[in-house]
Amino acid sequence: MSEEEILGNLRNSVLTYDLDGAKKAAEEAIKANVDPLKAIERGLAPAIREVGERFHRYEIFLPHVIIAADVMAAAMQILEAALPRDKVPKRKAIVIGTVEGDIHEIGKNVVAMMLKVAGFDVYDLGVDVKVSSFIDKAQAHGAEVIAMSSLMTTSMPNMGDLIEDLRSTNQREKFRVVVGGGPVTQGYAEKIGSDGFGRDGDEAVKVVKKLVGVQ
Ligand code: B12
């Protein structure tokens, strides 16, 4: 089976809510040596976005989106196990989470996974994470980077609040802050005083490496 066919199967499995099909396609991808990251970013991610657009056009209902997200997660789990791990000589810690008021986790999970693959110690705080919790956990794990994801315009302001909180408690210099997620832009990241922004998992890894001085 060609790479294009496998990517197509991954995509279709999400679009048709086919859990078994997704697992099978993920296993086929591994067998055929398709880059697992490509399988996620080029096969699964566009499909979940298409599901979102269908939902927006009232063609499907919310439960469909939830099931499609579960299908994507199952395929991601299989693909993740096949990812090679880079060796970073001195491991750097990162905390990552989705900000308070927001339960979207797929994009955050993709980014967390890619940072792990790049060799970082990633502490995933989950979703609906309070500003205070990001900061407490970053301190507890000795993290150099705080990475925040937001998928909603309503939850985005929490990112700026965290940076403000770091400033007002004289801790801004201790952490590098990176932001991303659907509605977040480079311009918004700059406006709130974030150190970095990434459009996808690849960019997330690049910007974090640059910020902590890892090749
Ligand atoms: C799947 C989905 C859901 C699922 C989430 C399942 C899950 N387990 O995560 C469910 C069904 C639960 C859900 C619920 C809701 N959703 Co919803 N959902 C989506 C949908 C369709 C796809 C999101 C997604 O997973 N994309 C795929 C991933 C791979 O992409 P990504 O998240 O953008 O992440 C990439 C980049 O952004 C970046 N990135 C992400 N995070 C970070 C972090 C850092 C540090 C960096 C550097 C980069 C980075 O890298 C990632 C990998 O490439 C979007 C529509 C869309 N087009 O985005 C709506 C959407 C986000 N949802 C929306 C809404 C409104 C809701 C609900 C309120 C219900 C509703 N009425 O639809 C609830 C929210 C409840 C809450 N409090 O959070 C709106 C938000 C609108 C807004 N205000 O901005 C959207 C945009 C749909 C829409 N057009 O209306 N949703």
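Scoring rules and cut-offs
- Per chain, residues are indexed from 1 in the order of the written sequence.
- In keeping with the model being predicted, local features are shown solely for residues with a pLDDT of at least 70 and side-chain atom pairs are shown and tallied solely at 80 or more, while totals for entire chains, interfaces and linings include all residues.
- Two strands are said to pair when DSSP picks up at least two bridges between them.
- In this description a helix means any DSSP run of H or I spanning at least four residues, a strand means any run of E spanning at least two, and both kinds are numbered starting from the N terminus.
- For the purpose of contact definition, each residue receives a C-beta atom placed from its backbone, and two residues are in contact when these atoms lie within 7 Å.
- A fitted line through C-alpha atoms represents every axis, and for helices the fit uses only the stretch in contact; the resulting angles, taken between N-to-C directions, go from 0 to 180 degrees.
- Near residues are defined by distance alone, with the backbone-placed C-beta atom required to lie within 6 Å of the molecule or strand.
- These domain boundaries are the output of an automatic or database domain assignment.
- Between the buried cut of 20 or more and the exposed cut of 12 or fewer other C-beta atoms within 10 Å of a residue's own C-beta lies the partly exposed class, and all C-beta atoms are placed from the backbone.
- The crossover handedness rule: strands pointing away from the viewer, path from first strand over the helix to second strand clockwise, crossover right-handed.
- To estimate how far a helix should reach, multiply one less than its number of residues by 1.5 Å.
- Each residue is assigned to one class: nonpolar for Ala, Val, Leu, Ile, Met, Phe, Trp, Tyr, Cys and Pro, charged for Asp, Glu, Lys and Arg, and polar for all the others, Gly among them.

Before we move on, can you summarise the sheet that holds strand β2 (residues 121-124) with the specific residues and values?
To summarise the sheet geometry, strands pair through backbone hydrogen bonds and adopt either a parallel or an antiparallel arrangement. Across the sheet, five strands lie side by side as β2-β1-β3-β4-β5; this open sheet has parallel pairing. Looking at the sheet topology across the chains shown, the edges are occupied by β2 and β5 (196-197). Across five bridges, strand β1 (residues 93-98) lies against strand β3 (residues 145-149) in parallel orientation. Within β3, the residue paired with Val-95 across the bridge is Ile-146. Across the sheet, helix α5 (residues 106-117) lies against β1, β2, β3 and β4 (176-180), angled at about 170° from β1, the strand it touches most.

Give me the site of the ligand: which residues, what numbers.
In the neighbourhood of the ligand, 37 residues make up the surrounding shell, with Gly-52, Gly-107, Ser-149, Gly-180 and Gly-198 lying closest. Sorting elements by how many residues they give to the shell around the ligand places helix α3 (residues 36-56) first, with six residues. Two domains each provide a minimum of three residues to the shell around the ligand, namely domain 1 (3-81) and domain 2 (93-212).

Give me the pairing of β4: which residues, what numbers.
Counting buried residues in β4 gives five out of five residues, a clear majority hidden from the surface. Burial along β4 is two-sided: Arg-176, Val-178 and Gly-180 and Val-177 and Val-179, pointing in opposite directions, are all buried. With five bridges connecting them, β3 and β4 associate as parallel partners. Within β4, the position partnered with Ser-149 by the bridge is Gly-180. In terms of strand pairing, β4 meets β5 through two bridges, oriented parallel.

Describe in detail the pairing of β3, supporting the description with residues and values.
The two faces of the sheet receive side chains in turn, since in a regular strand these alternate between them. Most of β3 sits inside the fold, with five of its five residues counted as buried. What you see with β3 is no split at all: Val-145, Ala-147 and Ser-149 on one side and Ile-146 and Met-148 on the other are buried throughout. In this region the chain leaves β3, passes through helix α7 (residues 157-168) and returns to the parallel neighbour β4; the handedness of that crossover is right-handed.

Give a description of helix α9 (residues 201-212) that names residues and reports values.
The first and last C-alpha atoms of α9 sit 17 Å apart over twelve residues, in line with the 16 Å expected at 1.5 Å per residue. All of the buried residues along α9 are Gly-201, Ala-204, Val-205, Val-207 and Val-208. Residues of α9 that are buried in the fold lie against α3, β1, α5, β3, β4 and β5. Backbone geometry just downstream of α9 places Gly-213 in the positive-phi region, at approximately 70°.

Let's hear about the domain arrangement of the protein chain: which residues, and what values?
Here the protein chain is described as being made up of domain 1 (3-81) and domain 2 (93-212). Relative to domain 2, the C-alpha centre of domain 1 lies at a distance of 25 Å. The partner domain 2 presents seven residues to the eight residues of domain 1 that form the contact. Of the residues that constitute the side of domain 1 that touches domain 2, the class distribution is six nonpolar, no polar and two charged.

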